[in-house]
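# Analysis of the macromolecular model
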Amino acid sequence: MTITEFYIRFDQPNFYPGQMITGQVIVSLDKPKEIRGVELKIKGRAKFKWTVSEDYTDTDNEGKSVTRSRTVTREGKESYLRNEMKLEGKKELTIGVHTYPFAVMLPPNSPSTFSGKYGGIAYYGKAKVDVPLATDKTVKNFFQVENWFDLNHYPQLKNPAKKEKSKTFCCFCCASGPLTLVVFVPKTGFAKMESIPITVEIDNASNVKVDSVKACLSRKIHWNAHGDSKEDTDKIKKIGFGDVPENSSKTWSENLALDCGPFPNIKNCNIITIDYKLEVEADPSGAHTDLEVDIPLTIGDIPFHDGENGTAPGPTCYPQANPAPGGFAAPDAGMGFPSTAGMPNPAVGFNPAAPAPYPAGGMNPSPYPGGVNPSPYPSAPGANPQGPYPPAPGYNPQAPYPSALNGNGQGPYPPAQAPYAPPPAQYPSAPYPAGDAGAAQPYQNGPAGYNPAATGYAPQLVDPAGGNSVMYPQVGDAQAFYDPNTSADTPLLPSARK
């Protein structure tokens, strides 16, 4: 014997949509072996089938028409994941253990693993060692997918539901009073391990006793093959209320615990659907038919965060798996699908009830750790917490632009390195400096009545030739401006602009 061990080992027994499926293919040999390669396929698909008998018309040996029966297979298939890779090429494998790691992305819309009466949804890896002039060695191993259904994405499921139904009984051509059944639930969306609060009212105005009133959670699975469909229904959980004598009324309030999973989320599957209903039946005495009321429900994984409608979220259900040797779920016999008697525990630290993609518990809701500085960049010691970089020495956060005129250290530059040195004469507070009377300045230095602090003051322009004053345009005036290449005394109107 050459290959002593050959198997697929996944790094975890269950994966979540959008996660990397990782693991290794292990090949052990007790003597060297020439191979053509090691290959791996990772697949995920829905598959089911059933058979039906149908009649058809045929012609016998005498040319007469006869009716015959034949068995026809109805089936459905849908693929979610298909990835093939070559882990090793043609070579001679040496004695010992050879490990081939792999990683495949699980698509984000992958439905959960599911197994039913006619088939299900399965994910698996299949490896092959291609041996020349001999039978290839193959191995197959299943992993499970958990697609958590978050009820918080469907706020309409918080709405209560109430249904009422009545019937009358006829006894010897005389109609009795009505039997009325009313059922109320505070919401229609529940998570695994929560309890469904059920209020049932029976008003029996008839002369027929109601022997029993009971409620159950039912599951209906729809299998949609090409050109045909099939349904199967089972009752998951039941509770009883009691009887109601004739001409009397009763009201019950009970909780139906959802501790009977799994409840796989297969909403992304187009050929298999699952519906849940709360069914309440009143069973009258004698040969009378039952009075029934049903309310559609949605069973998810992540409960409403606020616990509205008086129903506090219970602990999230992690169904336990029945592992086969090696820690993986054993496939069902005959169909090639993994057993879903239970689901394995999720990854350590997984919190399906977290209200945001980042963990709760007092942490900063920002995607960056920390919590104090809202900037994505860390603050240096002593830095301005409003910016990603530390301020320059002398930073003045109270003014939008620093001042470097008086050399008091309030600007970003030292006094001697200010980008513009002040003129010998101190500037007044006007937006333009006033120079000496004989210098080439646009403003007269201190004309009579000049008040730089006056609001709306229009400074005068001096004509050096004649000493006459002309009005200088206001700052921001769109009608005129001064060309620095001309005399400082000459205003340019729009028609004269270059």
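Residue positions are given per chain, counting from 1 as you read along its sequence in written order. Thresholds applied to this predicted model are a pLDDT of at least 70 for local features of residues and 80 or more for the giving and counting of side-chain atom pairs; totals over whole chains, interfaces and linings are not thresholded and use all residues. Only hydrogens and water are set aside; all other atoms, that is, all heavy atoms of the structure, feed into the side-chain values.

Worth spelling out the cut-off: UniProt positions are given in the numbering used here, feature names are shortened, and annotations may be inferred rather than shown by experiment.
The name recorded for the chain in an unreviewed UniProt entry is Arrestin C-terminal-like domain-containing protein, from Parthenolecanium corni. The Sequence similarities (unreviewed entry) field of the UniProt record for the chain holds the comment "Belongs to the arrestin family."

## What to know about the overall build of the chain
The condition that has to hold: The numbering of helices and of strands both runs from the N terminus, where a helix is a DSSP run of H or I of at least 4 residues and a strand a run of E of at least 2. Accessible surface is estimated by sampling points in the Shrake-Rupley manner with a 1.4 Å probe; for residues, cover comes only from the protein chains shown.
The number of helices and strands found in the chain is zero helices and 24 strands. Accessible surface, the chain as shown: approximately 28200 Å² in total, 51% of it carbon and sulfur.

## Structural notes on the side chain of Ser110
Formally: Relative accessibility thresholds used throughout: buried, under 20% of the residue-type maximum; exposed, over 50%; partly exposed, between the two (1.4 Å probe, protein chains only). We define a polar contact as two N or O atoms separated by no more than 3.5 Å, with the added condition that, inside protein, one atom must be a possible hydrogen donor and the other a possible acceptor, whereas residues neighbouring each other in sequence contribute only through side-chain atom pairs. Contacts are assigned to residue pairs that have any heavy atoms within 4.5 Å of one another.
Inspection of the secondary structure puts Ser110 in the loop between β8 (96-105) and β9 (114-115). The buried category is assigned to Ser110, whose relative accessible area is 0%. Within the structure, Ser110 has its side chain in polar contact with the backbone oxygen of Pro107 (distance 2.8 Å). If sequence neighbours within four positions are ignored, Ser110 has contacts with Pro17, Tyr123, Val145 and Asn147.

## Quick word on the pattern of salt bridges
We apply this condition: By salt bridge we mean one thing: a side-chain nitrogen of Lys or Arg within 4 Å of a carboxyl oxygen of Asp or Glu.
This model, assessed by the stated rule, comprises 17 salt bridges. Its salt-bridge partner being Asp130, residue Arg36 comes within 3.3 Å of it at the nearest N-O pair. Within this pair, whereas Arg36 is found in the loop between β4 (33-35) and β5 (37-59), its partner Asp130 is found in strand β10 (residues 119-130), the two being separated by 94 residues in sequence. A salt bridge links Arg219 to Asp234; the nearest nitrogen and oxygen atoms lie 3.0 Å apart.

## Structural notes on the side chain of Gln24
Take Gln24: it is sitting in strand β3 (residues 20-29). A distance of 2.9 Å separates polar atoms of two side chains, one belonging to Gln24 and the other to Asp11. Beyond its immediate stretch of four places on either side in the chain, Gln24 contacts Tyr7, Ile8, Arg9, Asp11, Thr99, Tyr100, Pro101 and Phe102.

## Details of the environment of Thr51
Counting through the fold element by element, Thr51 comes out in strand β5. Here Thr51 falls in the exposed class, since its relative accessible area comes to 53%. The contact partners of Thr51, leaving out residues within four places of it in the chain, are Thr71, Val72 and Thr73.

## Side note on the sheet that holds strand β16 (residues 189-191)
As a reminder, the rule being used: Two strands form a pair only when DSSP identifies at least two bridges running between them. The angle between two axes is taken between their N-to-C directions and runs from 0 to 180 degrees, where each axis is a line fitted to C-alpha atoms and a helix contributes only its stretch in contact.
Sheet architecture is open: five strands sit in the order β16-β22-β21-β18-β19, paired in mixed fashion. Edge strands, defined here as strands with exactly one partner in the open sheet, are β16 and β19 (228-244). Here the strands of the sheet are splayed against their neighbours by 30° on average, with no regard to which way each runs. In this structure, strand β21 (residues 272-284) lies alongside strand β22 (residues 291-300), joined through seven bridges in antiparallel fashion. Within the sheet, the bridge partner assigned to Lys277 lies in β22 and is Pro296.

## Examining the packing of aromatic side chains
For clarity, the cut-off: Here is the rule: rings of Phe, Tyr and Trp (six-membered ring for Trp) pair when centre to centre is within 6.5 Å. Planes less than 30 degrees apart are stacked, more than 60 are edge-to-face, and the remainder are tilted.
Inspection of every chain in the model, using the stated rule, returns 15 aromatic pairs. When the ring of Tyr118 is compared with that of Trp223, the centres are 5.7 Å apart and the planes differ by 90°; the resulting orientation is edge-to-face. In this pair, Tyr118 is assigned in the loop between β9 and β10 and Trp223 in strand β18 (residues 210-225), connecting sequence segments 105 residues apart. As far as the burial class goes, Tyr118 and Trp223 line up, both buried. Feature note: the residues Phe10, Phe15, Phe102, Tyr123 and Phe143 constitute an aromatic cluster, connected by ring pairs.

## Observations concerning unusual backbone geometry
Non-glycine residue Met193 carries a positive phi angle of around 75°. By the element assignment, Met193 lies in the loop between β16 and β17 (195-204). Residues other than glycine seldom take positive phi values, yet Asn247 does so here, at roughly 55°. Judged by relative accessible area, which is 57%, Asn247 ranks as exposed.

## What about the sheet that holds strand β12 (residues 161-167)?
Pairing in this open sheet of four strands is antiparallel, and the strands run β12-β15-β17-β20 from one edge to the other. Looking at which strands have only one partner, the edges of the open sheet turn out to be β12 and β20 (248-257). The sheet shows a mean angle of 15° between the axes of neighbouring strands, direction not considered. Bridge count between β17 and β20: ten bridges; the pairing is antiparallel. Its bridge partner being in β20, Glu201 is matched across the sheet by Thr251.

## Some thoughts on the nonpolar core
For clarity, the cut-off: To qualify as a nonpolar core, a set must consist of buried Ala, Val, Leu, Ile, Met, Phe, Trp, Tyr and Cys residues joined through side-chain atoms within 4.5 Å.
Counting residues in hydrophobic clusters, the biggest one holds 76 residues, and the most contacted among them are Val25, Ile42, Ile198, Val213 and Ile272. The leading source of residues in this core is β18, at seven residues. The residues contacting Ile42, other than those within four sequence positions of it, are Phe10, Ile21, Leu81, Arg82, Asn83, Met85, Phe102, Val104, Tyr124, Gly125 and Phe143. Core analysis: the second largest hydrophobic core is formed by five residues, Leu151, Leu157, Ala191 and Phe304 among them.

## A word on the environment of Phe48
Relative to the assigned elements, Phe48 resides in strand β5. Take Phe48: its relative accessible area is 0%, and that puts it in the buried class. Sequence-wise, Phe48 and Asn224 are 176 residues apart; in three dimensions their C-alpha atoms are separated by 9.3 Å. Among residues more than four places away in sequence, those in contact with Phe48 are Arg74, Glu75, Gly76, Tyr118, Gly119, Trp223, Asn224, Ala225, Ile271 and Ile272.

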